[in-house]
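Below, each chain spelled out in residue letters.
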Amino acid sequence: NASRTSILDIVKTDADLANFSAVVQALGCADSLLNQSRVYTLWAPVNEYVNKDSLLAEIEKGNRDKVLNRFVESHVANFKYAASDTMKADNYMLLLNEKMVPFVGNFSEGYTFDGKQVLEKNIPAFNGIVHKIGGAVNYALNLWEYLENAEGADSVAKFLYSFNISKFDEWASIEGPTVQGNKTYLDSVFSNSNQWFFTYGDKYTAGIGNVSMEDSSYTFIAPSNEVWAEWAPKAEKYY
């Protein structure tokens, strides 16, 4: 009965999703993410496409946030998105990790999510909908993420990253019980920005462009570490 079944219930009881379930529960985010009244869509990869042992090993090594962001959140979106009618090639889903992935197809030919075949669609739950897919989403680094590992150009990356700002995002966080008159959160979400990005808000701030957003394309010509070491001290005199 969908009125009493959560997305978490589906994940935990469907034998095809045992590996995905094991990873979600090892992360400790099962109740705070897939068992809440907020509405989600989950595109869950079936067992053969989830490298469970590798992901669990990453969690054991202390890389929980990386596995959550790059694996679990790559398969979940806010709101309910059913496979219905014809969904064109420009039908992109904004996922929890802010990646954008195409969800396309039609009734006669079937549907795909990030190019992976939807094996079973529109499994209902009280807090959303589940689709089972034949593959895991490929996590593609955007330009901002790529800079972190850009060989020979990490000097400019470290400089730009030093201006990162992290703010608590109440809307994206999952509210828990009120304790002594104060709100608590089962899952606290923080949004990241950078003072070098341009922003629109109370005040317009010029910058290099919001290169962490994936709805635009950029070309970034990064100075090598040697060039940065030579020119950064000279530029500091003028800015």
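To keep things clear, this report deals only with the structure shown in the data block. Predicted model only: the values in this text are computed from it and were never measured.

Basis of the calculations
- Residues numbered from 1 in each chain as written.
- Predicted model: local features only at pLDDT ≥ 70, side-chain atom pairs only at ≥ 80, totals over all residues.
- Heavy atoms only, no water.
- Patch = residues over 30% accessible without salt bridge, like charges linked within 9 Å, V, L, I, M, F, W, Y side chains within 5 Å.
- Areas by Shrake-Rupley, 256 points an atom, 1.4 Å probe, with all protein chains shown as cover.
- Salt bridge = Lys/Arg side-chain N within 4 Å of Asp/Glu carboxyl O.
- Helix = DSSP H or I, 4+ residues; strand = E, 2+ residues; numbered from the N terminus.
- Buried < 20%, exposed > 50% of the residue type's maximum accessible area, 1.4 Å probe, protein only.
- Phe/Tyr/Trp six-rings, centres within 6.5 Å; stacked < 30°, edge-to-face > 60°.
- Lys NZ or Arg CZ within 6 Å of the ring centre and 35° of its normal.

### What about a nonpolar patch on the surface?
On the surface, a cluster of nonpolar side chains totalling about 300 Å² of accessible area is made up of Tyr92, Leu94 and Met100. Take Met100: it is sitting in strand β4 (residues 100-106). We classify Met100 as partly exposed; its relative accessible area is 36%.

### Description of the packing of aromatic side chains
Counting across every chain of the model gives seven aromatic pairs. The interplanar angle of 0° and the centroid separation of 4.1 Å between the aromatic rings of Trp43 and Phe113 together place this pair among those described as stacked. Residue Trp43 is found in strand β1 (residues 40-45), and its partner Phe113 is found in strand β5 (residues 110-113); the two are separated by 70 residues along the sequence. Given the relative accessible area of 0%, Trp43 is considered buried. For Phe113, a relative accessible area of 0% gives the class buried. Taking 6.4 Å as the distance between ring centres and 45° as the angle between the ring planes, the aromatic pair formed by Phe103 and Tyr111 counts as tilted. With relative accessibility at 0%, the residue Phe103 sits in the buried group. One aromatic cluster is present, built from ring pairs that chain together Trp43, Phe103, Phe107, Tyr111 and Phe113. Over the ring of Tyr139 we find Lys99, and its NZ or CZ is 4.5 Å from the ring centre. It is Lys234 that lies over the ring of Trp231; its NZ or CZ is 4.3 Å from the centre.

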